[in-house]
Amino acid sequence: MAAQAQDMAPMPVIGDPAQFDRRSGNLVERAVFNNRALFVALCALVTALFAWQAYGLRLNASYEKVIPTAHPYIGNYQTYRADLPNLGNTVRIVVENTRGDIFDPAYLKDLQRINDTVYLMPGVDRSWMKSLWMPIVRWREVTETGINGGPVMPADYSGSPESIAKLRQNLARAGVMGSLVANDLKSTMIVVPLLGDDPKTGEQLDYRAFSRALEDKVRALQNDGTRVHIVGFAKLIGDLIDGVAEVMGYFAVSVAIAAVIIFLYNRCIRSTVVVLACSMVAVVWQLGAITALGYSLNPYSVLVPFLVFAIGVSHGAQKMNGIMQDVGRGTHRYVAARFTFRRLFLAGFTALLADVVGFAVLLVIDIPVIKELALMASLGVGMLIMTNLLLLPVILSYSGVGAAAAQRSLREDSKVDESSGKGFWEWLVRFTDRRWAAGTLAAALALTVAGYAVSLNLKIGDLDPGAPELRANSRYNKDNAYITSHYNLSSDQLAVIVVTPVEGCRMFPTLVDIGRLERKLAQLPGVQRVESLAGTTAMITSALFEAGGKWTTISRDQTITDNAMSAAIAVDPSAVNANCSVTPVVAYLSDHKAETLERAIKAVEDFAATHNRDGVSFLPVAGSAGIEAVTNIVVHDANRIMLLYVYAAVLVLCFVTFRSWRAVVVAVVPLVMTSVLCEALMVVLGIGVKVATLPVVALGVGIGVDYALYLLSVQIALQRAGLPLAEAYRRALRFTGRVVGLIGVTLAAGVGVWALSPIKFQADMGILLTFMFLWNMVGALVLIPALSHFLMRGKKERDETARRAAAAKTTKTEGAAVLRSDEASAGAD
């Protein structure tokens, strides 16, 4: 730090680069600037190679990547996934008759056309697809001669009144009301299980292409008489990717905003272009690198290039400002670039390293999509070390800055010197005064305590019905609302996997326990309906005995139970696997809110703890809601651990940089306050902690520490050079502080445009990051001088302050004594 203090001292004015000692500076500086032409050429070559790689970048998503695959509950699902064909990645298509009920021949013809179109689409698991037109959907009835049955759609259906009447009768006997057929008989559902891989190419299913096919081939078949509603993970991801295409347009808006803000600050076109170009180079390198590594962008990681660009602009602005000030004093652009490199490289490197750590700690979250986001972001920020800490000052050593802009910067500094306490930046120096510092810290403490009280109500998971990734008025959420209001069985399924020995699911004790679990789940708030092999078997047993109420049970007679189970399996082949060793208990939930999922998963865990035994296990969990419940568990466990890691890393980096625990406290306290207030804001806005929002707080801490590193490193160096706190802070404001304000506004404006995104979680991230960037900026400019007053003043300065206070107190006491003496004399007279 002593060397840095020397660097922070006013640099000599060297107008002729020939007078500069090129052997001075550290090893990195000499290697880069003494070979700057070669360095620029190498960077240009790397940029071209990465740009060529980035040309093949794809937008896609995977069902497996948004679930915590390493969690034991998901391991249960993955192990028995082949035995649970209707509880994985499924699309549900509802075809509504807008002119009447489903027994309209014209409607049934449209339904058949849509069914056949879906059946032929690549990626569909055709053997388990269900609809009125699929033979797998069957009816059963008990007669005097035995059990009769057949497909719900009559084999001789012709559209005649007779065949319509037969269809109506079959539906009444099939028990599909509220599941495949709407309660109001005005729509029917097509259940479409999907394969993980394209059967033709063997590659991962392209959800964007599949979603577009649903729009172009399926929804396009709707007409004046029919309306199509589509929900499911594949459709949701497809809509998100379509929204991403719109979001990419916001990148140009972010670039334009950054350009305007920087130009208004420096009034120099060439330096503005250089700052933006170097940040854009980092984005190109990042996109090329992730493509070369075999990754693709998804709706969760698509915002990472925005962040990398914004971070690059912020660091580039600091370098530009330093060079501009030296050039304004008459220093040659080459020498000014090297001087600025010396003064700011350590702070910039540490700040970027903190950013990398802020992203890298997300790797502890056991969700593949977040791990990819962490890797991509860490890679991109790492690129900024090359492009914005090294390449940018080298290019500015060639291009320089405009002479008028440099002189203007110098005049601004002169105005600050002559202001004598006037102006915004000089006003900030007042926070180094004890009275202002104490008041500021008291207000900050009160605000933090209030924010913490509010943040205690922070929820894990989704807080709204429908797909929270999209806005409430999106077509997907409208489709979901229609299906939820017209069907008893929602798309939010939580399934328990019952595993037994071969043919063990037929045994009386097992079926009794399955029935107990079914009743336990059915009594929970938020559960619409529960289906299991035990319930269906009990119902059919009753039917076999003339619907006698006492027979609605599991019979101890194995022959009776086997007959009933055979009929149950014929009605729904997916109720059990081929050798009767795996069967699900499926709870249909009214929503996927965090409280609903938590209640259900807790009930399953409690039941398993008391009923698991040798050979028979009740394993959580399958179904979309079940997987989301596990995701919430992982997010809950990772939330505090992630913050602990990121703060631990920031503490270490700050200590290595400042070599002072007091300085570490000054740098970190504003970040803690921002983290608390951000969680309080999430409560106020109704935003839960989930896959999309979990990274936000970590990113805010990792990026927010940049402000403190740039501002505090200059202040400490000047204090150690002998300047008092107020003067050191004043000069730090002039050198890096004003750019800290510029950075805060630029970062906030860059991510603030995300609030316009059609993807709700991106809008939420934009709002939260905008708040954190602005509040971290305020914390750096206000709390750092206030905290420094109590923690960062040297002993000599503290003694001098104490001496002045004592002298002032003595003067005041003597004055009061004189006043009392005069009053006494006047009284005597």
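Residues numbered from 1 in each chain as written. Predicted model: local features only at pLDDT ≥ 70, side-chain atom pairs only at ≥ 80, totals over all residues. Heavy atoms only, no water.

Asks: What should I look at first to understand the packing of aromatic side chains in this one?
Replies: Within a pair of aromatic rings, the relevant descriptors are the distance that separates the centres and the angle that separates the planes. In this structure the tally under the stated criterion is 14 aromatic pairs. Where Phe 50 meets Trp 285, the ring centres are 6.2 Å apart and the plane angle is 45 degrees; that geometry is what we call tilted. Within this pair, whereas Phe 50 is found in helix α3 (residues 36-54), its partner Trp 285 is found in helix α9 (residues 269-292), the two being separated by 235 residues in sequence. For Trp 285, a relative accessible area of 4% gives the class buried. Members of the aromatic cluster, connected to one another through ring pairs, are Phe 20, Phe 33, Tyr 334, Phe 339, Phe 341, Phe 345 and Phe 349. Over the ring of Tyr 398 we find Arg 36; its NZ or CZ atom is 4.1 Å from the centre of that ring. One cation-aromatic arrangement involves Arg 126 over Tyr 119; the distance from NZ or CZ to the ring centre is 5.6 Å. (Phe/Tyr/Trp six-rings, centres within 6.5 Å; stacked < 30°, edge-to-face > 60°. Helix = DSSP H or I, 4+ residues; strand = E, 2+ residues; numbered from the N terminus. Buried < 20%, exposed > 50% of the residue type's maximum accessible area, 1.4 Å probe, protein only. Lys NZ or Arg CZ within 6 Å of the ring centre and 35° of its normal.)

Asks: For this particular structure, what's the right way to read the nonpolar core?
Replies: Proteins that are soluble and globular tend to have nonpolar side chains buried together. One finds Ile 93 and Leu 521 to be the most contacted residues of the largest nonpolar core, which totals 273 residues. The residues contacting Leu 521, other than those within four sequence positions of it, are Val 496, Val 527, Val 530, Val 585, Ala 587, Ala 600, Ala 603 and Val 604. (Core = buried A, V, L, I, M, F, W, Y, C linked by side-chain atoms within 4.5 Å. Contact = heavy atoms within 4.5 Å.)

Asks: Would you explain the layout of surface pockets in this entry?
Replies: Picture a little ball the size of a water molecule; that probe, rolled over the atoms, points out where space is still empty. The calculated volume of the second largest pocket comes to roughly 910 Å³. The wall of the second largest pocket is formed by 46 residues, among which Leu 236, Glu 469, His 592, Ser 624 and Glu 628 lie closest to the centre. Residue assignment for the lining of the second largest pocket shows that the elements contributing at least two residues are β1 (90-97), β5 (226-232), α8 (233-266), α16 (475-486) and α21 (624-658). Here the lining of the second largest pocket gets 7 residues from one element, more than from any other, and that element is α21. Its residues placed into classes, the lining of the second largest pocket shows 22 nonpolar, 17 polar and 7 charged. (1 Å grid on protein atoms, 1.4 Å probe; cavity = no way out; pocket = protein on both sides within 12 Å on 5 of 7 lines; lining within 4 Å. Points joined across faces, edges and corners; volume = space filled by probe spheres on them. Nonpolar A, V, L, I, M, F, W, Y, C, P; charged D, E, K, R; others polar.)

Asks: What am I meant to see in the sheet that holds strand β9 (residues 617-622) here?
Replies: Paired through backbone hydrogen bonds, the strands of a sheet run either parallel or antiparallel to each other. Taken in spatial order, the 4 strands make up an open sheet running β7-β8-β6-β9, and their pairing is antiparallel. A single partner strand is all that each edge strand has here, and the edge strands are β7 (527-531) and β9. For this sheet the average axis-to-axis angle between neighbouring strands, irrespective of direction, equals 20 degrees. Sheet topology places strand β6 (residues 493-499) next to strand β8 (residues 582-589); 7 bridges connect them, and they run antiparallel. Of the residues in β8, the one forming a bridge with Ala 495 is Val 586. The sheet contacts of helix α4 (residues 72-79) involve β6 and β9, and relative to β9 the element is tilted by about 95 degrees. (Pairing = 2+ DSSP bridges. Axes fitted to C-alpha atoms, helices over the stretch in contact; angles between N-to-C directions.)

Asks: Explain the state of the cysteines to me, please; I cannot follow it from the model alone.
Replies: Here, the word disulfide means a covalent bond between the sulfur atoms of two cysteines. According to the stated counting rule, one finds 1 disulfide in the structure shown. Covalent S-S linkage joins Cys 505 and Cys 580, the inter-sulfur distance amounting to 1.7 Å. Its S-S torsion of about -95 degrees marks the bond between Cys 505 and Cys 580 as left-handed, since a negative value means left-handed. Taken together, the residues span a long stretch of sequence, with Cys 505 in the loop between β6 and α17 (508-522) and Cys 580 in the loop between α19 (558-571) and β8 at a distance of 75 residues. In this structure, Cys 505 and Cys 580 share a single accessibility class: buried. Free cysteine: Cys 278, not disulfide-bonded; nearest cysteine sulfur from Cys 43 at 8.6 Å. (Disulfide = S-S within 2.5 Å.)

Asks: Hey, could you run me through helix α25 (residues 760-791) in this one?
Replies: Since the α-helix advances by 3.6 residues per turn, residues separated by three or four positions end up pointing in the same direction. Approximately 35 degrees is the largest bend angle found in α25, and it occurs at Leu 783, with the proline Pro 785 only one to four residues beyond. Counting buried positions along α25 gives 25 out of 32 residues, so the element sits mostly inside the fold. (Bend = angle between axes of the 7 residues up to and from the residue.)

Asks: What am I meant to see in the sheet that holds β1 here?
Replies: One open sheet accounts for 3 strands, arranged β4-β1-β5; its pairing is antiparallel. This sheet does not close on itself; its edge strands, each paired only once, are β4 (187-193) and β5. Direction aside, neighbouring strands of the sheet carry axes that sit 20 degrees apart on average. Two elements, β1 and β4, share 7 bridges in a ladder whose sense is antiparallel. Across the sheet, the residue bridging to Val 91 is Val 192, located in β4.

Asks: Whenever I open this one, empty space enclosed by the protein confuses me. Can you help?
Replies: Across all of its chains, the model carries 8 cavities of 30 Å³ or more by this definition. One number sums up the size of the largest cavity: a volume of about 70 Å³. Together, Ser 254, Ala 258, Phe 306, Phe 309, Ala 310, Val 313, Thr 746, Gly 750 and Val 751 line the largest cavity. Where the lining of the largest cavity is concerned, the elements lending two or more residues are α8, α10 (304-328) and α24 (725-752). At 4 residues, α10 tops the list of elements feeding residues into the lining of the largest cavity. By residue class, the composition of the lining of the largest cavity is 6 nonpolar, 3 polar and no charged.

Asks: Help me understand the environment of Val 672 in this model?
Replies: Tracing the backbone shows Val 672 in helix α22 (residues 661-685). C-alpha of Val 672 to C-alpha of Asn 776: the two residues are 104 residues apart in sequence and 9.7 Å apart in space.

Asks: Sorry if this is basic, but what is going on with helix α5 (residues 105-119) here?
Replies: Here α5 contains 15 residues, and its C-alpha end-to-end distance of 21 Å stays within 8% of the 21 Å for a straight helix at 1.5 Å per residue. In this fold, the buried residues of α5 make contact with β1, α6 (161-174), β4, α7 (207-218) and β5. (Expected span 1.5 Å × (residues − 1).)

Asks: Explain the pairing of β4 here, please?
Replies: Along a regular strand, successive side chains alternate from one face of the sheet to the other. In terms of residue burial, β4 counts as a mostly covered element, since 7 of its 7 residues are buried. Side chains Ser 187, Met 189, Val 191 and Pro 193 of β4 all project onto a buried face; the interleaved residues Thr 188, Ile 190 and Val 192 project onto the opposite face, where all are buried too.

Asks: I keep staring at the pattern of salt bridges and nothing clicks. Help me out?
Replies: Pairing between side chains of opposite charge can happen when their charged atoms approach one another. Tallied over the full model, the rule gives 24 salt bridges. A salt bridge links Arg 227 to Glu 96; its shortest N-O distance comes to 3.1 Å. Highlighted residues: Arg 227 in strand β5 and Glu 96 in strand β1, separated in sequence by 131 residues. We note a salt bridge from Glu 426 to Arg 730, for which the minimum N-O separation is 2.6 Å. Separated by 304 residues along the polypeptide, Glu 426 in helix α14 (residues 424-428) and Arg 730 in helix α24 bring together distant segments of the chain. (Salt bridge = Lys/Arg side-chain N within 4 Å of Asp/Glu carboxyl O.)

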